Amino acid sequence: MKILKFGGSSVRSSAAMQNVFEIVKKAIETEKCVVVLSAMQGVTDSLIEIGNLAANGDESFREQIKLLETKHFTAIRELLPIANQSGILSAVKIRLNELENLCEGIFLLQELSARTLDRLVSFGELLSSTIVSAKFSAENIANVWQDTRELIKTDSNFGFAAVNFSVTDKLISDFVNNNSLQLFIVGGFISSDVNDVTTTLGRGGSDYSASIFASALDADCLEIWTDVSGMMTADPRFVKNAKAIPNISYKEAMELSHFGAKVIYPPTIQPVMAKNIKVWVKNTFAANDYGTLIESVSAEKTEIARGISSINQISLLTLEGSGMIGIPGFSKRLFDALSAAKINVILITQSSSEHSICVGVAEKDADTAKTCVDFEFEREIGLGKLEALKVEKSLSILALVGDNMRNHQGISGKMFSALGHNGINIRAIAQGSSERNISAIIKSDDVKKAVNVIHEEFFGTASKQINLFIAGVGNVGNKLLAQIEKQTDFLRDKLKLSLRVVALANSKTIYFNEDGIAVGEFQISDSKFQIKSGVSLEDLIVSKNLRNSIFVDVTASENIAAGYEDLLRKSVSVVACNKIAASSKYENYSRLKDVANEFSTSFLFETNVGAGLPIINTLSDLVRSGDEINAIQAVLSGTLNFVFNNYDGTRKFAEIVRQAQAEGYTEPDPRMDLSGTDVARKLLILIREAGNKLEIEDIHNESFLPASCYEGTVEDFYKQLEVHEEHFKKLFTEANTDNRKLKYIASYKDGKPSVGLQSVDSKHDFYTLSGKDNAVLFYTNRYVEQPLVVKGAGAGADVTASGVFADIIRAAKI
């Protein structure tokens, strides 16, 4: 004996019903079968809407009934041969007339009771099962159609009736065993009480009906046919790489279904589990797929966790107060009050201090719960022993489930650590003594991200997905995109990182694609991914709330730098090529570092000093390992080094500066470089990273530019360079006469920082620096006479992009 249950999606159309026919036809070749059918997809919702329209005095309910008629008549005409249609069309029309009469009564009374609603929604299953039965008869396959209200007997709790199993089991057993036919067709979901009044088993009750039949008949197997190939490790609408679960235990399935997995209705498991009847979840539209086998002990034990599920629209109720401590009875009174109001408690947690009790309930029940609990504890609240019940809404429960989690150390820590790194705040935690389920209450806005984060952590996805939001698509930005594209396969294969650029922004537009922008093919003029104006990149990052998000700032924008703190507080890592934040007021710099640490995220700015050179990381390693920085001497401007290495008086100084700007070595305004301001910022950052509190004003900056060069526009600046050509030639000639070279040097010694142009002889470490090279000398307690030297190209879009890229990888690996 086999029970086959087909859900609403499996009978949604004539084509779907044909699939049902083929599956059942094959099954009855070898064994007796009972087929349990849901209403056609969407019909139950339509019936509820029709009832509400009629109860509200809205005559459009009649038009909605006509639409139902069209839906069912179309299925009949497409499914059955013409010669077999008239009888079933007539039978369906009689049912629909009965439905219309019922609704006319609701319309006249303008009242829809729970009892009447059960009668109303029963029509969906009656109609679908009648049509499928007619299909088998039309194909000369003998079958028995039966109204399940005559077989499944319940109490009179309309909407969610409790089954009288002793009566029901006998009725079902007698009905099937006393009939020699191979095929029985019934509608699920519906039942009746002792007075033969229609009741229902709750939304999703067709699964439960099938389980009741399987238990009553001691079936070999219960097959639940739906539109997915079994249970999944997570909701595929949230997690694109969710995996099918081939095997699962009853208790795991029960936990997952209770916590929101829609494939199977939670009460379904109990009747079959009691008799050790296997349950197979299969796909009506891919009948050859394996699906999911549910049994007492799962045959597959490779994964620590089995699946992740969630329940939305949850409210957290918190009863707290010092008057609860050490006094028995508060929990009982709380749950009695909720029970009396017919409020189901989904999750419970209590602090060990007994100062508070938290329970999770459906959001629709929150206001009622507040009223009844505050009334129950009115006296204690009035005396100040308890606070009024606190209600938090817009929450969800996230559940990680698996039999193998029992006695396995570190599961909770792994789960909560992954959530914490992504800025997902946990409002409450619950874990049963079975250790099969770890549940956490989080904000509903975080559910999609949370499920993806946990799935990535526990279900062996090939790589960790990193979502990049990049501001700035100029020279450095474009080089960065090219490097990311080139290294995509390497990072995925070797480091298990999948970098996905989801947003690009320039000064005018933001381009966004949650599935990732194909950076190799992307053109800045492409409008396909363009975001409406008025949305900032920071707001976009927060609103999209994607897991493992990294913001990359390749601009020099003060406004963008001002948004770092808010992003860090959302646990979004910040990689900054922009120097403004790290060289701003010490209070702001320190706060950004502290916030990054507090929210377990990264604030990285290696390219602020020396482009792609590992200067800041080297300095950080020294400090972290206990060394102390005594002095710093550095050439930190690739621009200035390039300029003075190429200027010999034969070409104008202005030409050399223009060349440096054209080759991408300077800031957008070259005066930032030539004034020493940029070098001073870099020195400031190094001194701060060495552990010293310093402001930019504390750095002595001796400029070599005439005062008039600072006035007007960039073009005015170039004109003034030409005017003062003799000044620059004199600087060069004086140095060259003594075989010395001009270098712009940053120094920090004895607590005194300075930047300025110096002439150095051939014995100096910086004498041989060529091109756009930078060099930093760290004198420390360990490197006393011979400094630690970091040297290399310190300017250029390619090397700067590589430094940004390296910071991205560091942030991604946290």
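The structure this text deals with has already been given above.
Residues numbered from 1 in each chain as written. Predicted model: local features only at pLDDT ≥ 70, side-chain atom pairs only at ≥ 80, totals over all residues. Heavy atoms only, no water.

Engineer: Explain the overall build of the chain here, please?
Structural biologist: Of the regular secondary structure elements, the chain holds 27 helices and 28 strands. Taken over C-alpha atoms, the radius of gyration comes to 36 Å for the chain, far larger than the 28 Å a tight globule of 814 residues would show. Seen through its principal axes, the chain has C-alpha atoms that stretch 115 × 70 × 55 Å. Within the span of the chain, comprising 814 residues, buried residues form 53% of the whole. Within the chain, contacts between residues at least 6 apart in sequence are counted, and of these 72% link residues at least 24 apart. Accessible area for the chain stands at about 35300 Å²; split by element, carbon and sulfur atoms hold 48% of it. Here the chain carries 86 positive and 101 negative side-chain charges, and the mean point of each set is 2 Å from the other. (Helix = DSSP H or I, 4+ residues; strand = E, 2+ residues; numbered from the N terminus. Rg over C-alpha atoms; globule rule 2.2 N^0.38 Å. Buried < 20%, exposed > 50% of the residue type's maximum accessible area, 1.4 Å probe, protein only. Contact = heavy atoms within 4.5 Å. Areas by Shrake-Rupley, 256 points an atom, 1.4 Å probe, with all protein chains shown as cover. Lys, Arg positive; Asp, Glu negative; His and termini not counted. Charge placed at Lys NZ, Arg CZ, Asp CG, Glu CD.)

Engineer: What is the right way to read the pairing of strand β17 (residues 464-471) from this model?
Structural biologist: Note on strand geometry: in a regular strand, side chains alternate between the two faces of the sheet. Counted residue by residue, β17 has seven buried out of eight residues, so it is predominantly covered. Strand direction decides the pairing type here: β17 and strand β18 (residues 497-505), joined by eight bridges, are parallel. The partner of Lys 464 across the bridge, within β18, is Leu 497. As a crossover connection, the stretch from β17 through helix α15 (residues 475-495) into β18 is right-handed. Across five bridges, β17 lies against strand β20 (residues 549-553) in parallel orientation. Each bridged residue has a counterpart across the sheet, and for Ile 470 the counterpart in β20 is Val 552. (Pairing = 2+ DSSP bridges. Right-handed = clockwise from strand over helix to strand, strands pointing away.)

Engineer: Just to check I follow, could you spell out the packing of helix α2 (residues 43-55) against helix α5 (residues 114-138) for this structure?
Structural biologist: Geometrically, a packed helix pair is captured by the angle between its two axes and the distance between the axes. It is the contact of α2 with α5, at a shortest axis distance of 9 Å, that shows an interaxial angle of 145 degrees. The two elements α2 and α5 meet at a crossing, and its hand is right-handed. Here Val 43, Thr 44, Leu 47, Ile 48 and Gly 51 of α2 come into contact with α5, specifically with Leu 117, Leu 120, Val 121, Phe 123, Gly 124 and Glu 125. Split by residue class, the contact of α2 with α5 holds seven nonpolar, three polar and one charged. (Axes fitted to C-alpha atoms, helices over the stretch in contact; angles between N-to-C directions. Left-handed = near helix turned anticlockwise from the far one by under 90°. Nonpolar A, V, L, I, M, F, W, Y, C, P; charged D, E, K, R; others polar.)

Engineer: I would appreciate a short explanation of the pairing of strand β23 (residues 629-635) in the present structure.
Structural biologist: Counting buried positions along β23 yields six of seven residues, so the element is predominantly enclosed. Across six bridges, β23 lies against strand β27 (residues 773-780) in antiparallel orientation. Within β27, the position partnered with Ile 629 by the bridge is Thr 780. Inspection of the sheet shows β23 paired to strand β25 (residues 741-749) by four bridges, in the antiparallel sense. Paired with Ile 632 across the strands is Tyr 748, a residue of β25.

Engineer: Hey, could you run me through unusual backbone geometry in this one?
Structural biologist: Backbone phi values are negative for most residues with the exception of glycine, while trans is the configuration of most peptide bonds. Located in the positive-phi region is Asn 140, a residue other than glycine, with phi close to 60 degrees. Note on placement: Asn 140 falls in the loop between α5 and β3 (144-146). Classification of Asn 140 as exposed rests on a relative accessible area of 73%. One non-glycine residue, Gln 313, lies in positive phi territory at about 55 degrees. In this structure, Gln 313 sits in strand β11 (residues 307-320). Residue Gln 313 is classed as exposed on the basis of its relative accessible area of 58%.

Engineer: Would you explain the nonpolar core in this entry?
Structural biologist: Among the nonpolar cores identified, the biggest contains 80 residues, and Phe 469, Leu 537, Phe 551, Phe 603, Phe 653 and Leu 721 are the most heavily contacted of them. At seven residues, helix α24 (residues 677-689) tops the list of elements feeding residues into this core. Excluding residues within four positions of it along the chain, Phe 653 makes contact with Val 643, Phe 644, Tyr 647, Leu 674, Phe 704, Leu 721, Glu 725 and Phe 728. Core analysis: the second largest hydrophobic core is formed by 53 residues, Cys 33, Leu 47, Cys 103 and Val 121 among them. (Core = buried A, V, L, I, M, F, W, Y, C linked by side-chain atoms within 4.5 Å.)

Engineer: How should the packing of aromatic side chains be read in this particular structure?
Structural biologist: For any pair of aromatic rings, the description consists of the separation of the ring centres together with the inter-plane angle of the planes. Throughout the structure, instances matching the rule amount to 21 aromatic pairs. Here the aromatic rings of Phe 175 and Phe 184 are separated by 5.4 Å at their centres, their planes lie at 70 degrees, and the arrangement is edge-to-face. The two residues Phe 175 and Phe 184 agree in class, both being buried. Linked through ring pairs, Phe 644, Tyr 647, Phe 653, Phe 704, Phe 728, Phe 732 and Tyr 744 together constitute an aromatic cluster. Positioned above the aromatic ring of Phe 458, the side-chain terminus of Lys 414 is 4.9 Å from the ring centre. Sitting above the plane of the Tyr 767 ring, Lys 741 keeps its charged end 4.7 Å from the centroid. (Phe/Tyr/Trp six-rings, centres within 6.5 Å; stacked < 30°, edge-to-face > 60°. Lys NZ or Arg CZ within 6 Å of the ring centre and 35° of its normal.)

Engineer: Looking at this structure, I do not really get helix α25 (residues 714-723). What am I missing?
Structural biologist: Side chains of residues three or four places apart in an α-helix project in the same direction, reflecting 3.6 residues per turn. Along α25, the residues that are buried comprise Phe 717, Tyr 718 and Leu 721. Buried residues of α25, viewed axially, fall in a sector of 95 degrees; they line one side. Structural note: α25 exposes Lys 719 and Val 723 on the side pointing more than 90 degrees away from its buried face. Structurally, α25 contributes buried residues whose contacts are with α22 (653-662), α23 (671-674) and α26 (725-737). (Arc of directions from axis to C-beta.)

Engineer: Which parts of the structure should I look at to understand the pattern of salt bridges?
Structural biologist: Should their charged atoms come close, side chains of opposite charge can pair. Applying the stated criterion across every chain yields a total of 44 salt bridges. Two residues, Glu 31 and Lys 2, come together in a salt bridge whose shortest N-O distance is 3.5 Å. Highlighted residues: Glu 31 in the loop between α1 (14-27) and β2 (33-37) and Lys 2 in strand β1 (residues 2-6), separated in sequence by 29 residues. A salt bridge links Glu 565 to Arg 569, with the shortest nitrogen-to-oxygen separation between them at 3.0 Å. One end of the pair, Glu 565, and the other, Arg 569, are both in helix α18 (residues 564-569), four residues apart, so they sit about a helical turn from each other. Assessed through its relative accessible area of 18%, Glu 565 is described here as buried. Overall, Arg 569 belongs to the partly exposed group, its relative accessible area being 35%. (Salt bridge = Lys/Arg side-chain N within 4 Å of Asp/Glu carboxyl O.)

Engineer: What's the story with the sheet that holds strand β22 (residues 603-604) in this structure? I'm lost.
Structural biologist: What links the strands of a sheet is backbone hydrogen bonding, and the strands pair in either a parallel or an antiparallel sense. Taken together, six strands build an open sheet; the order of strands is β19-β18-β17-β20-β21-β22 and the sheet is mixed. A single partner strand is all that each edge strand has here, and the edge strands are β19 (510-512) and β22. Note: β18 against β19, three bridges, orientation antiparallel. The residue bridging Ala 505 from the neighbouring strand is Ile 510, located in β19. Across the face of the sheet, helix α16 (residues 537-544) comes into contact with β17, β18, β19 and β20 while running at roughly 160 degrees to β17.

Engineer: Would you mind going over the sheet that holds strand β15 (residues 428-431) with me for this structure?
Structural biologist: The sheet built from six strands is open, its strands ordered β12-β13-β11-β14-β16-β15 with antiparallel pairing. The open sheet has two edge strands, β12 (345-350) and β15, and neither has a second partner. Going across the sheet, the axis of each strand differs from the next one's by a mean of 30 degrees, ignoring polarity. Looking at chain direction, β12 and strand β13 (residues 356-362) are connected through five bridges and run antiparallel. If you follow Val 345 over to β13, its bridge partner there is Val 361.

Engineer: Would you take a moment to explain the state of the cysteines for this structure?
Structural biologist: In protein structure, a disulfide is the covalent linkage between the sulfur atoms of two cysteines. A complete count under the given rule lists zero disulfides for this structure. Between Cys 33, a free cysteine, and Cys 221, which holds the nearest cysteine sulfur, the sulfur-to-sulfur gap is 10.0 Å. (Disulfide = S-S within 2.5 Å.)

Engineer: Help me out: how do you make sense of the side chain of Thr 148 in this one?
Structural biologist: Along the polypeptide, Thr 148 turns up in the loop between β3 and α6 (165-177). Thr 148 sits in the buried class, given a relative accessible area of 1%. From its side chain, Thr 148 meets the backbone oxygen of Gly 187 in a polar contact 2.9 Å long. Each residue touching Thr 148, except ones within four places of it in the same chain, is listed here: Val 186, Gly 187, Ile 190, Ser 191 and Phe 213. (Polar contact = N/O pair within 3.5 Å; in protein donor to acceptor, adjacent residues only side chain to side chain.)

Engineer: What is the right way to look at helix α27 (residues 797-812) in this model?
Structural biologist: Helix length check: α27 (16 residues) gives 22 Å between terminal C-alpha atoms against 22 Å at 1.5 Å per residue, within 8%. Residues of α27 that are buried: Ala 797, Thr 800, Ala 801, Gly 803, Val 804, Phe 805, Asp 807, Ile 808, Ile 809, Ala 811 and Ala 812. (Expected span 1.5 Å × (residues − 1).)

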